[in-house]
Amino acid sequence: MKKKCLYISLVLMFSLFTSNSIAVSFEKNCKVPKGSIKKIKIDGEKYTLFTLKDKNKGGCSSDNKSRSGAPYWERAELAQRNTLSKNKIHEISFKVKIDEGFTGERETFFQIHNYNKSAKSVWPSLMLKFDDGFYASTSTHPSYLQIDYMYADQKHYHLNKKNIPLSNLKNEWQYFRVILSKIDKNTETGYVTIYLNNDIIFNKIKTYFPKRGTPRIKYGIYRPGNLDGNNISQILYSKIDINSKK
């Protein structure tokens, strides 16, 4: 009887997420380099292929500006059309395969950004990226997986580098799950837990979500430009699934 009750409880807990899957779609929120985003099929399943070449500047208004130690910014990225409710817990899951690159500086492949109609976007609350630890994309130092998450001042970031080298993850499918807690409207804080292939790699990291924005996902490739040249980077993404509960 105890086993039966335990089974029923597990089913109910699982259904809290699976029964509340939300419809999600993505778009180019600013101009991207020609041919940098392609829809492809593999064994009948749909994927999105992102390719970013040297000097492929993004079309967002900030991409042509010198900022954060870079002369300009390169981008091939999609943004969520709708947003994530601050009053719900969200489980975001996806598969990626890194085919090429991501060996340079601050190459971001997944963000939980913030959005509002008047300013369109504000600072991102979370960034998943690979970084070689040096401000030189031609560096031969190995890249490691890291997460940046927002300070209370909402302009600067904690950096948490995980001892997982890019070489361990390249050319194989990697399964990510990102759990985002409800966001406290008074403190503007939420907690993020990230799984890689069912292992927790970042656990209950506190980050900030400004009142003037609502969270949304951005994914693809986003990185600083380099006057000495960047390598080609390429990543393959599965469909992004979002399951939510109150």
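Procedures and definitions
- Residues numbered from 1 in each chain as written.
- Predicted model: local features only at pLDDT ≥ 70, side-chain atom pairs only at ≥ 80, totals over all residues.
- Heavy atoms only, no water.
- Helix = DSSP H or I, 4+ residues; strand = E, 2+ residues; numbered from the N terminus.
- Buried < 20%, exposed > 50% of the residue type's maximum accessible area, 1.4 Å probe, protein only.
- Pairing = 2+ DSSP bridges.
- Disulfide = S-S within 2.5 Å.
- Core = buried A, V, L, I, M, F, W, Y, C linked by side-chain atoms within 4.5 Å.
- Contact = heavy atoms within 4.5 Å.

Chemist: I'd like a description of unusual backbone geometry, backed by residues and values.
Modeler: With a phi angle near 70°, Lys 55 is a residue other than glycine that sits in the positive phi range. Mapping Lys 55 onto the fold places it in the loop between strand S3 (45-52) and strand S4 (73-80). Overall, the relative accessible area of 38% leaves Lys 55 in the partly exposed class. Despite not being glycine, Asn 198 shows a phi value in the positive range, around 75°. Structurally, the position occupied by Asn 198 is in the loop between strand S11 (189-196) and strand S12 (199-208).

Chemist: Describe the pairing of S3, with residues and values.
Modeler: Here S3 lies mainly inside the structure; six of its eight residues are buried. Across six bridges, strand S2 (residues 37-42) lies against S3 in antiparallel orientation. Within S3, the residue paired with Ile 37 across the bridge is Phe 50. Connecting S2 to the next strand, S3, in antiparallel fashion are two residues, including Asp 43 with a positive phi near 50°. Summarising the sheet, S3 and strand S14 (residues 233-237) pair through five bridges and their orientation is antiparallel. Residue pairing in the sheet places Leu 49 in a bridge with Leu 236 of S14.

Chemist: Describe the state of the cysteines, naming the residues involved and giving the relevant values.
Modeler: Applying the stated criterion across every chain, the model contains one disulfide. Paired through a disulfide, Cys 30 and Cys 60 show a sulfur-sulfur distance of 2.0 Å. The disulfide joining Cys 30 to Cys 60 has a torsion of about -70° about its S-S bond and is therefore left-handed. One end of the pair, Cys 30, is in the loop between strand S1 (26-27) and S2; the other, Cys 60, is in the loop between S3 and S4, with 30 residues separating them in the sequence. According to the relative accessible area criterion, Cys 60 is buried, its value standing at 13%.

Chemist: Run through the sheet that holds S1, naming residues and quoting values.
Modeler: Strand order in the open sheet made by the seven strands is S1-S4-S13-S6-S7-S8-S9, with antiparallel pairing throughout. Only two strands of the sheet have a single neighbouring strand rather than two, namely S1 and strand S9 (157-165). Across two bridges, the pairing between S1 and S4 is antiparallel. Note that in S4 the partner of Phe 26 across the bridge is Gln 80.

Chemist: Requested: an account of the nonpolar core, with residues and values cited.
Modeler: Most often, soluble globular proteins have nonpolar side chains that are buried together. Of all hydrophobic cores here, the largest spans 43 residues; its most connected members are Ile 92, Phe 109, Phe 110, Ile 194 and Tyr 237. In terms of residue count, strand S5 (residues 89-100) provides more of this core than any other element does, four residues in total. The contact partners of Tyr 237, leaving out residues within four places of it in the chain, are Tyr 47, Thr 48, Phe 50, Phe 94, Lys 95, Val 96, Phe 109, Phe 110, Tyr 219 and Gly 220.

Chemist: Describe in detail the environment of Phe 176, supporting the description with residues and values.
Modeler: Note on placement: Phe 176 falls in strand S10 (residues 174-180). According to the relative accessible area criterion, Phe 176 is buried, its value standing at 1%. Phe 176 sits 22 residues away from Asn 198 along the chain, and the two C-alpha atoms are 7.8 Å apart.

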